[in-house]
Amino acid sequence: MALTEDFFRSVLEQDEAAVVLCDLNHTIVYMNRAAASRYAKSGGYDLVGKSLMGCHNDKSNEMINRVVDWFKESQDHNKIYTFYNEKENKDVYMIALRDDDKNLIGYYERHMYRNRESGALYDFSQK
């Protein structure tokens, strides 16, 4: 069975963390449901096609540009720690997106929650 766009989209849609994919012009090209919900007050899905830079202050935009430049310097530059969110107990990273030839095509922000799972193992009663 060949992997299709549907498989990859399904992985992103099932992620409980916000996923926002951007191209090298900082245009938001995709948001999963969690991102649309998280950023609903800013427009949710209507942010797709708009610049990510409009969502951040000048200092954040400067750092985003610096990270993208760093990604461009080497195919080995693919992940950088950017923030710890104490309120949500998560680490935040910027991740490079590369094509099959390892050319930089965009980036996204990865949220890694530190909270231990509280649900029971193999609890089939949950949705």
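Everything here concerns the structure above.
Residues numbered from 1 in each chain as written. Predicted model: local features only at pLDDT ≥ 70, side-chain atom pairs only at ≥ 80, totals over all residues. Heavy atoms only, no water.

(A) Focus on the environment of Asn78. With respect to the element layout, Asn78 can be found in the loop between helix H3 (58–73) and strand S3 (79–85). When the C-alpha positions of Asn78 and Tyr93 are compared, they lie 10.0 Å apart, and in sequence the two are 15 residues distant. Ignoring anything within four residues of it in the chain, the contact list for Asn78 reads Trp70, Phe71, Met94, Ile95, Ala96 and Arg98. A polar atom in the side chain of Asn78 sits 2.5 Å from the side chain of Arg98. (Helix = DSSP H or I, 4+ residues; strand = E, 2+ residues; numbered from the N terminus. Contact = heavy atoms within 4.5 Å. Polar contact = N/O pair within 3.5 Å; in protein donor to acceptor, adjacent residues only side chain to side chain.)

(B) Region of interest: the side chain of Glu13. One can find Glu13 in helix H1 (residues 5–14). The class of Glu13 is buried, set by a relative accessible area of 16%. Looking at Glu13, its side chain comes within polar contact range of the main-chain nitrogen of Arg33, at 3.1 Å. Ignoring any residue separated from it by four or fewer positions in sequence, one finds Glu13 in contact with Tyr30, Met31, Asn32, Arg33 and Tyr45. (Buried < 20%, exposed > 50% of the residue type's maximum accessible area, 1.4 Å probe, protein only.)

(C) Quick peek at the sheet that holds strand S2 (residues 28–31). Within the open sheet, the five strands sit side by side as S2-S1-S5-S4-S3. Their pairing is antiparallel. Single-partner strands in this sheet number two, and they are S2 and S3. Averaged over all neighbouring strand pairs, the angle between strand axes comes to 20 degrees, with direction disregarded. Pairing of strand S4 (residues 90–98) with strand S5 (residues 104–113) involves nine bridges; the strand directions are antiparallel. Residue pairing for S5: Val92 is matched across the bridge by His111. Those strands touched by H3 are S3, S4 and S5, and its axis lies near 45 degrees from that of S4. (Pairing = 2+ DSSP bridges. Axes fitted to C-alpha atoms, helices over the stretch in contact; angles between N-to-C directions.)

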